[in-house]
Amino acid sequence: MNHLEIPVLIIGAGGAGLTASMLFADLGIDSLTISSTASTSVLPKAHVIQQRSMEVYRKLGVSDDIYAQGTPPENMAATGWYAGLVGKDPIYGKEIARQESWGAGYQDPDYIAASPCRQTNLPQIRLEPILLKHAREKSPEGVCFNHELISFEQDDDGVTSTVLNKETGETYTVRSAYLLGCDGGRTVGNALGIEMQGERNILYSVSVHFSADLSEHVSDPSVLIHWMWPAHTGLLTLLIPMGPEKWGPESEEWVFHENYAADDKRIFDDEAMVADMKMALGLPDLEPEVHKITRWSFEALVAERFQENRVFLLGDAAHRHGPTGGLGLNTAIQDAYNICWKIAAVLRGQAAPELLATYEQERQPVAVTNVRRSTENALNHMAIGQALGVSPMQTEEENLTALKQIWSDDPMDEEFRAKLRFAIASQSMEFREHNIEFGYRYESQAVVADGSPEPQPTEEIRIYEPSTRPGSPLPHAWLEDHRGNRVAIQDLGSVGQYVLVAGESGDGWVDAARSAADELGIDVLAFTVGHATGDYLDPRCAWTRYRGHGPAGAVLIRPDKFVAWRSGMATENPTAQVRDALLQVTRRR
């Protein structure tokens, strides 16, 4: 194989790259995904998968496999803070506080109302093999490992890339219409001279992935992340179960995190890191089976641009987050969901190339917000440590004295406890950031504004308020077909298909959508929805509550399940209105 021609070349086979591979396959677009590594990730890394991301995987037919291997909802209903794990004083291991997390195992009514998918948890070392399996089922020869991008050049018609097959030592060229950089920023962004802007090296961390039986010391099966402040170190340490067969206290595998100073040379000594872990956990005789020790820095960076002509940056190549909030992987998945349908539409001649400029317009502001939120989440954990009065600069006895105020009966300690309660309660900014995960809106030339005022959120971080204002994510509603079968409105329409949802008196919009779709060569599924009449019924009035129009109005939904256009009522020429909306969204006018 000396030369290959393919519509899209994807560099990187992580979460963004494999998601893009599957999307293109379902969109009917051939692609090749290459990775310079020998396999999928060997690091646990990202693990929380948000509802919106699970909606993407539900559409791709992958969600059931992810749920099957992921953390059961009852084992990720909460997060907890503890006075260390084991130590010489009886307060070691005591629960300082506990907080519901990420929808409380899909028990929080707001999370249930937001999506047909629950949040889940699956470390990247187990998520990526699932994504790879499905990617290869959809495109058997579409993913290659040990294939490294050496260089690429763009011209007006495409991208020519030189690739090294590391197994044979041979190089070959790939001619593609477009190139996606999903490589974590290792090659593509640097080759384009695109700078990452923001803060680097905010703090350094070491993560130890190991197997051990900790069931004797970990008690609450509902807690996913254990935030521990052991008095003898005064440092925040994290302990997270990793399954794979059992979860909660019975988990076979764990990941331990601890932070270090940037100039601490000990972090490069594996034995020292394991010794530090055993000391922080208070288990000097623990004999863990260590799988991997990882050193990493907390960064808050966003690429100055996400597109350079025919090349696009996705995932860590476009934005780098700290792990708090679990926003990095999820932002990457949504990057792929945004750009893939647009590239497919351009390749099919259903959209103008100008549509591709809306990728940066829409995704860069989301990345900026998510990177900022990751950093704020981390800083608030430090504020909790200050409220606890725990510090590595103090002795163990001093830290124990501070911690014991939590359980003290002395009225003099009530002010201390009040400040601590506030600091911990405010961490819901991480564990209930529902509006950050779900409520972001797009403003771009691929959205037809309807002149309605921008809604003022009840709460910017924690409360997601569904809306069909153009640019908003499609609100969730359970509908019923004429046989009484229940279907989520998210599930209507195939990958790449527009959906027009009209009110119960909106037959004119349905006819208009079909006419405009035939004229423009665009695939549009159109139907009516009403509580008592329509092609689909809305038995719980969920869609009626959020649709933002009357019985004769309509909403047009893009293939990535964002609202593109809305009309509150019937008009004299609905076909012209739908045609104009489709032309604007596809940038053909």
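Residues numbered from 1 in each chain as written. Predicted model: local features only at pLDDT ≥ 70, side-chain atom pairs only at ≥ 80, totals over all residues. Heavy atoms only, no water.

S.K.: Please explain the packing of aromatic side chains as it appears in this structure.
M.R.: Geometry of an aromatic ring pair is reported as the spacing of the ring centres plus the angle between the planes. Throughout the structure, instances matching the rule amount to 13 aromatic pairs. A centroid spacing of 6.1 Å and a plane angle of 65 degrees characterise the contact between W227 and F431, whose relative ring orientation is edge-to-face. With W227 in strand β12 (residues 223-228) and F431 in helix α12 (residues 428-431), this pair connects stretches of sequence that are 204 residues apart. Using a relative accessible area of 3% as the deciding quantity, one classes W227 as buried. Judged by relative accessible area, F431 falls into the buried class, the value being 1%. Each ring, one from Y440 and one from Y442, has its centre 5.9 Å from the other, and the planes form 45 degrees; the classification is tilted. Each of the two residues, Y440 as well as Y442, counts as buried. Above the plane of the ring of Y178 lies R310, whose end atom (NZ or CZ) is 5.0 Å from the centre. Over the aromatic face of W478 sits the side chain of R486, whose NZ or CZ is 3.9 Å from the ring centroid. (Phe/Tyr/Trp six-rings, centres within 6.5 Å; stacked < 30°, edge-to-face > 60°. Helix = DSSP H or I, 4+ residues; strand = E, 2+ residues; numbered from the N terminus. Buried < 20%, exposed > 50% of the residue type's maximum accessible area, 1.4 Å probe, protein only. Lys NZ or Arg CZ within 6 Å of the ring centre and 35° of its normal.)

S.K.: When you look at the state of the cysteines in this model, what are you seeing that I'm missing?
M.R.: Covalent bonding between the sulfur atoms of two cysteines defines a disulfide. Under the defined criterion, the tally for this structure stands at zero disulfides. Cysteine C340 is unpaired, with the sulfur of C182 as its nearest cysteine sulfur at 7.9 Å. Judged by its relative accessible area of 1%, C340 is buried. (Disulfide = S-S within 2.5 Å.)

S.K.: Explain the pattern of salt bridges here, please?
M.R.: Side-chain pairs of opposite charge can arise whenever the charged atoms involved come near each other. Following the criterion strictly, the structure yields 33 salt bridges and no others. When the shortest N-O distance is used, the salt bridge between R52 and E55 registers 3.9 Å. Here R52 pairs with E55, and both are found in helix α2 (residues 51-59), just three residues apart, close to one helical turn. Measuring nitrogen to oxygen at the nearest pair gives 2.7 Å for the salt bridge that ties D491 to R58. Separated by 433 residues along the polypeptide, D491 in the loop between β20 (486-488) and β21 (498-502) and R58 in helix α2 bring together distant segments of the chain. When its relative accessible area of 31% is taken as the criterion, D491 is described as partly exposed. According to the relative accessible area criterion, R58 is partly exposed, its value standing at 28%. Salt bridges sharing partners connect three or more residues here, namely K342, E362, R558 and D560. (Salt bridge = Lys/Arg side-chain N within 4 Å of Asp/Glu carboxyl O.)

S.K.: What should I look at first to understand the sheet that holds strand β5 (residues 95-100) in this one?
M.R.: Hydrogen bonds between backbone atoms are what pair the strands of a sheet, whose relative direction is either parallel or antiparallel. The strand order across the open sheet built from eight strands is β5-β4-β12-β13-β14-β11-β15-β18, with neighbouring strands paired in mixed fashion. Whereas interior strands pair on both sides, the edge strands pair on one side only; in this sheet they are β5 and β18 (319-320). Packed onto the sheet, helix α7 (residues 270-281) meets β11 (196-211), β12, β13 (237-243), β14 (253-260) and β15 (289-303) and runs at close to 100 degrees relative to β14. Its contacts with the sheet put helix α9 (residues 358-388) on β4 (78-82), β5, β11, β12, β15 and β18, and the angle it makes with β15 is roughly 120 degrees. (Pairing = 2+ DSSP bridges. Contact = heavy atoms within 4.5 Å. Axes fitted to C-alpha atoms, helices over the stretch in contact; angles between N-to-C directions.)

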